[in-house]
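Chains, contacts and geometry: an overview
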Amino acid sequence: MNVPLLQTSGLTIRFGGVTAVDQVDFTLEEAELRCLIGPNGAGKSTFFKLLTGQLRPTEGHVHLRGRDISGARPHEIARQGVGIKTQVPNVFNAMTVQDNLWIAARHKHTPAFATDLTDKILTDLRLTQIANKEVGQLAHGQRQWVEIGTVLAGEPELILLDEPAAGMTHEEVERTADLIQEINKSRALVVVEHDMQFIKMIAKTVTVLHQGAVLIEDDVARVLEDARVRDVYLGKGLAA
Amino acid sequence: MHQLNGMTGALIGSAIVAIAILTAPLYVDLFQIMQLTVFAAMAVLALSLGFIWGYGGILCFGQTSFFGLGAYAYAVAAINFGDSTPAIALAILIPVIFAALLGYFMIYGGISDVYLGVITLTVSLILFNLVNSTAGDFYKIGDARLGGFNGIPGVPTFNLPGNSGYILSPEQAWMVTGIALILVYLGLRVLIASSFGRIIIAIRENETRAALLGYDPRIYKLITFMIGGAIAGFAGALYVNWGAFVSPTIFALGLSAQIIIWVIIGGRGTLIGPVIGCLLLQWLVTEIGAQQALDANFILGAILIVFVLLVPKGIAPTLRDLVMARLARDKPMTADTTTVKVKT
């Protein structure tokens, strides 16, 4: 058995009396594409923050290729090859699209190579038209793309995408789904999303979080048919 | 491309100003030369805050700490060595070490921006009180008596490097100060256009994103803070060279506030802005000081309020936007490509 790319064991974080992420054991293999769903407040974004070091776990561990990264700082985890698109886009607003990507590419590469890589990603993501626009002036959907581009420019081996399709038009959602499958040819991804149409487009295995804990983890078709999943999404299971 | 064009512009502008500085003694009288010298020294100080606040996003309310430390370091060293060259080096080195220590505890301690402002202001007041209470023979470093609130008079001014017998004339001191201002400005321009500069701007824009890309924001902020300390300390040496005198008022609240006003009025996020703001306001304060009807602080306060309300970006960015809007209107077809990379 190979060492998994990402493994969490008993991962827990409490804020006062609230347990936002509760004993989560999560395993992601190399080059896997996993979707993470769950109702609002299920702990999906908090889980991502634990993986990227934005929050420190109260208990439990995160292992990246067998190396313990729990409690490490965000920049240290990023250097280990984890890239994230956050739920609320974290971009450099007063900078151009091009500069946003360049800063990301520059971390691993020389300035000249970073410029080439930036141009390549701008072309791949069809952002060349707006390359010289300030990111702060773009529409939400475009900002999402810029942030995805920024993540790609950092060349991570594991990519976490928190609601990548939010605020996008139908056509943009389809392009995002294509892009995710394209990225997945070479890299592993975990995608958090609410849009079930989108999930159906990309998902193989789906993990459902509910009240901070893993409710079910299975093939996408079975998960979407599961009565408990429907209950938590429709609110019936709240008392459970 | 655009950055290169911007740099060419800065070089041409700097060359013109340099010629004006070098030829000024031919058509400006000595009194005005002396005035301009202190203005230029203060403009270097303004640049130090303009850099760390405008580009590093660090609002340091106590930039005078480094300015004053540089001034005192220069004065003490110049008196002891009898040579200005090592004294200038110390006037940069000591504030840098102090900035490294202070910055380390604040930045690595995770102090938020507001508290950073409060702490740096407090530190400058502590230094003020500390130096103020060093009157008497007991407080001396080598041959230099610190002199408490009386300060240190008769500080040796700049001499030719390697020839401590050749003291610069006021005209030569003006040229050195003016050229130093240009060199600091150009040096910062180069720094900002470098990878380091672009990264610190990115951290200013979004520290979380920078960290998630693998940059440690703390080390970049600390280095930025130290560069600011170095420049402020150097400005301190230029200031003492102007007056041959330093007193604790150099650490006082009034100057700390003025530097911030220079940057706000000139324009944060530019380098030329703080220089313009500094020169303009110092000239204004001097003019007001020549008459009795109006109080200088009253006018400064009024100007600050007017700017914050009506010209919040400051002089330089507002002028730049006007020029850009004009260019965009004249050439509507290329509007998108001409409005990029306008940050200086």
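Below is a summary of the structure that appears in this document. (Residues numbered from 1 in each chain as written. Chains lettered and ligands numbered in written order. Predicted model: local features only at pLDDT ≥ 70, side-chain atom pairs only at ≥ 80, totals over all residues. Heavy atoms only, no water.)

**Side note on the overall build of chain B**
Rules: Counting from the N terminus, the helices are the DSSP runs of H or I reaching at least four residues and the strands are the DSSP runs of E reaching at least two. Based on C-alpha atoms, the radius of gyration is set beside the globule rule, defined as 2.2 Å times the residue count to the power 0.38. Here the term buried applies to any residue with accessible area under 20% of the maximum for its type, exposed to any over 50%, and partly exposed to those in between, with areas from a 1.4 Å probe on protein chains only. Contacts: residue pairs with any heavy atoms within 4.5 Å of one another. Here, Shrake-Rupley sampling with a 1.4 Å probe gives the accessible areas, and only protein chains in the shown set may cover a residue.
The helix and strand inventory of chain B stands at 14 helices and 4 strands. Its C-alpha atoms give chain B a radius of gyration of 20 Å, within 12% of the compact-globule value 20 Å for 344 residues. Dimensions of chain B along its principal axes, counting C-alpha atoms only, are 70 × 55 × 45 Å. Considering chain B as a whole, with its 344 residues, one finds that 48% of them fall into the buried category. Sequence separation of at least 24 residues holds for 76% of the intrachain contacts in chain B that already meet a minimum separation of 6. Carbon and sulfur atoms make up 71% of the accessible area of chain B, which amounts to about 15500 Å² in all.

**Quick word on the interface of chain B and chain A**
Cut-off, in case you're wondering: What counts as buried area is the accessible surface, traced by a 1.4 Å probe, that two parts surrender upon association, with contributions from both included. One speaks of a salt bridge when a side-chain nitrogen belonging to Lys or Arg is within 4 Å of a carboxyl oxygen belonging to Asp or Glu. Under the rule applied, a polar contact is a pair of N or O atoms within 3.5 Å (in protein, one hydrogen donor and one hydrogen acceptor; residues adjacent in sequence only if both atoms are side-chain atoms).
Listed by partner, the interface residues are 22 residues for chain B and 29 residues for chain A. Summing both partners gives a buried area of about 2200 Å² for chain B against chain A, and 58% of it is carried by carbon and sulfur. Summed over the shared surface of chain B and chain A, the number is 2 salt bridges. The closest approach of N and O atoms between Asp99(A) and Arg198(B), which form a salt bridge, is 2.8 Å. Linking chain B with chain A are 14 residue pairs in polar contact (both at pLDDT 80 or more). At the level of elements, α7 (195-205) and α8 (207-212) of chain B are the ones that each hand at least two residues to the side of chain B that touches chain A. The dominant element in the side of chain B that touches chain A, judged by the number of residues it contributes, is α7(B), at 7 residues.

**Brief notes about the sheet that holds strand β3 (residues 33-37) of chain A**
All names here are of chain A. Defined as follows: Two strands are counted as paired when DSSP detects at least two bridges linking them. Axis definition: a line fitted to C-alpha atoms, limited for helices to the stretch in contact. Angles are taken between N-to-C directions and run from 0 to 180 degrees.
Reading across from one edge, β6-β7-β8-β3-β9-β10 is the order of the 6 strands in this open sheet, with mixed pairing throughout. Among the strands making up the open sheet, the edge pair consists of β6 (82-85) and β10 (213-219). Neighbour-to-neighbour, the strand axes of this sheet turn through a mean angle of 20°, independent of strand direction. Two strands pair when backbone bridges link them, and β6 and strand β7 (residues 158-162) are joined in this way by 4 bridges, in the parallel orientation. Across the sheet, lysine 85 pairs through a bridge with leucine 161, a residue of β7. Along the sheet face, helix α1 (residues 44-52) touches β3, β6, β7, β8 (188-192) and β9 (205-210) and points at about 150° away from the line of β7. Strands β3, β7 and β8 of the sheet are contacted by helix α6 (residues 170-184), whose axis makes an angle of about 150° with β8.

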